[in-house]
Amino acid sequence: MHFAGRTWRPPYEAHSVIIQATSGCTYNQCTFCSLYQNECFRMSPLSEFEEDLAEIKRYQPNARRIFWTGANPFAMSYENLRLRALTVRDYLIKCQTMAMFASIRDIKDKEVWQSPLTRSHCSLTRGFMKWQDRDCLSLPEKKSVFVNCRLSLTTL
């Protein structure tokens, strides 16, 4: 398996298969987060992603849930997300859920027409849900605003 930099698995993903999609964070300026400090953002090459899927298939062929690690794999282009999601389906035919973190900035960049297909391949996308808290959004260095967050999430 290819893992570079810090790999963090949320506790609720304890039973999920883990694959690295990205390392580091595209933003890396949140006041409340120091997880990826001094780590450059990098997307895992598709070849590494496929090699890891082949290894997962060898050891966990019946995996039903896969968690894509990295601060925000959703920063990938729609085409890249779609290709990787389809590749997961090719290797892990029983996989029902692909989960990942997403920054609101990356969700906002996706077009509305892309959301149904994204939803059909990535059944669950967890963002850092700090957007719900108006007090948190008033903290220094917080670039997102509540209205933009809500509008972005409604497209999904």
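For every chain, the first residue of its written sequence is number 1, and the numbers climb from 1 along that sequence. Local features in this predicted model are restricted to residues whose pLDDT is 70 or higher, and side-chain atom pairs enter the listing and the counts only when it is 80 or higher, whereas totals over whole chains, interfaces and linings include all residues. In computing side-chain values, all of the structure's heavy atoms are included and hydrogens and water are not.

### Looking at the overall build of the protein
Assigned secondary structure in the protein consists of 6 helices and 6 strands. Each helix is a run of H or I in the DSSP string that is no shorter than four residues. Each strand is a run of E no shorter than two, and both are numbered from the N terminus. Listed N to C, the secondary structure of the protein is β-β-β-α-β-α-β-α-α-β-α-α in terms of helices and strands. Under the scheme applied here, a residue whose accessible area is under 20% of the maximum for its type counts as buried, over 50% as exposed, and between as partly exposed, the area being computed with a 1.4 Å probe on protein chains only. Per-residue burial for the protein yields a buried fraction of 41% across its 156 residues. We call two residues in contact whenever any of their non-hydrogen atoms come within 4.5 Å of each other. If you take every contact in the protein between residues at least 6 apart in sequence, the share linking residues at least 24 apart comes to 74%. Only the protein chains shown count as covering a residue, and every accessible area follows the Shrake-Rupley method with a 1.4 Å probe. Within the structure as shown, the protein displays about 8700 Å² of accessible surface, and the carbon and sulfur contribution to it stands at 52%.

### So, helix α1 (residues 46-59)
What a helix should span is 1.5 Å times the count of its residues minus one. If you check α1, its first and last C-alpha atoms are 20 Å apart, about what 14 residues at 1.5 Å a residue would give, namely 20 Å. If you check which residues of α1 are buried, you get E48, F49, D52, L53 and I56. Along the axis of α1, the buried positions cluster into a sector of 140°, meaning they face one direction only. For α1, the secondary structure elements touched by its buried residues are β1 (17-20), β3 (42-43), β4 (65-69) and α2 (78-91). In this description, one arc is meant: the one made by directions from the helix axis to the C-beta atoms.

### Quick look at the environment of F41
Looking at the element boundaries, F41 is found in the loop between β2 (22-23) and β3. The spacing of F41 and N72 is 31 residues in sequence and 9.4 Å in space, taken between C-alpha atoms. Here F41 is in contact with T22, S23, G24, C25, T26, N72 and A75, once residues within four sequence places are set aside.

### Notes on the packing of α1 against α2
Each pair of packed helices gets described by two things: the angle between the helix axes and the distance between those axes. Under this scheme, a helix contributes an axis fitted over its contacting stretch, all axes are lines through C-alpha atoms, and angles between N-to-C directions fall in the 0 to 180 degree range. Packing of α1 against α2 brings their axes to within 10 Å, and their N-to-C directions diverge by 25°. The angle between α1 and α2 falls in the class roughly parallel. Of the two possible hands of crossing, α1 and α2 adopt the one that is right-handed. Residues L46, F49, E50, L53, A54 and K57 of α1 pack against L83, R84, T87, V88 and Y91 of α2. Roughly parallel here means an angle under 35 degrees, roughly antiparallel means over 145, roughly perpendicular means 65 to 115, and every remaining angle is called oblique. The hand of a helix crossing depends on one turn: near helix anticlockwise from the far one by less than a right angle means left-handed, and clockwise means right-handed.

### Focus on the packing of aromatic side chains
Pairing of aromatic rings covers Phe, Tyr and Trp, the last counted by its six-membered ring, and requires centre-to-centre distances within 6.5 Å; plane angles under 30 degrees mean stacked, over 60 mean edge-to-face, and any other angle means tilted. Scanning the entire structure with this criterion turns up 2 aromatic pairs. Considering the side-chain rings of F49 and W68, the 5.4 Å spacing of their centres and the 75° angle between planes classify their relative orientation as edge-to-face. In this pair, F49 sits in helix α1 while W68 sits in strand β4, placing the two residues 19 residues apart along the sequence. Residue classification places W68 among the buried residues on the basis of a relative accessible area of 0%. Residues F67 and F101 carry aromatic rings whose centres are separated by 5.6 Å and whose planes lie at 85° to one another, so their mutual orientation is edge-to-face. With a gap of 34 residues between them, F67 in strand β4 and F101 in strand β5 (residues 97-102) connect regions that are remote in the sequence. The exposure class of F67 is buried, given its relative accessible area of 1%. We count a charge as sitting over a ring when the NZ of a lysine or the CZ of an arginine lies within 6 Å of the ring centre and within 35 degrees of the ring normal. Lying across the ring of F49, R84 places its NZ or CZ 4.9 Å from the centre.

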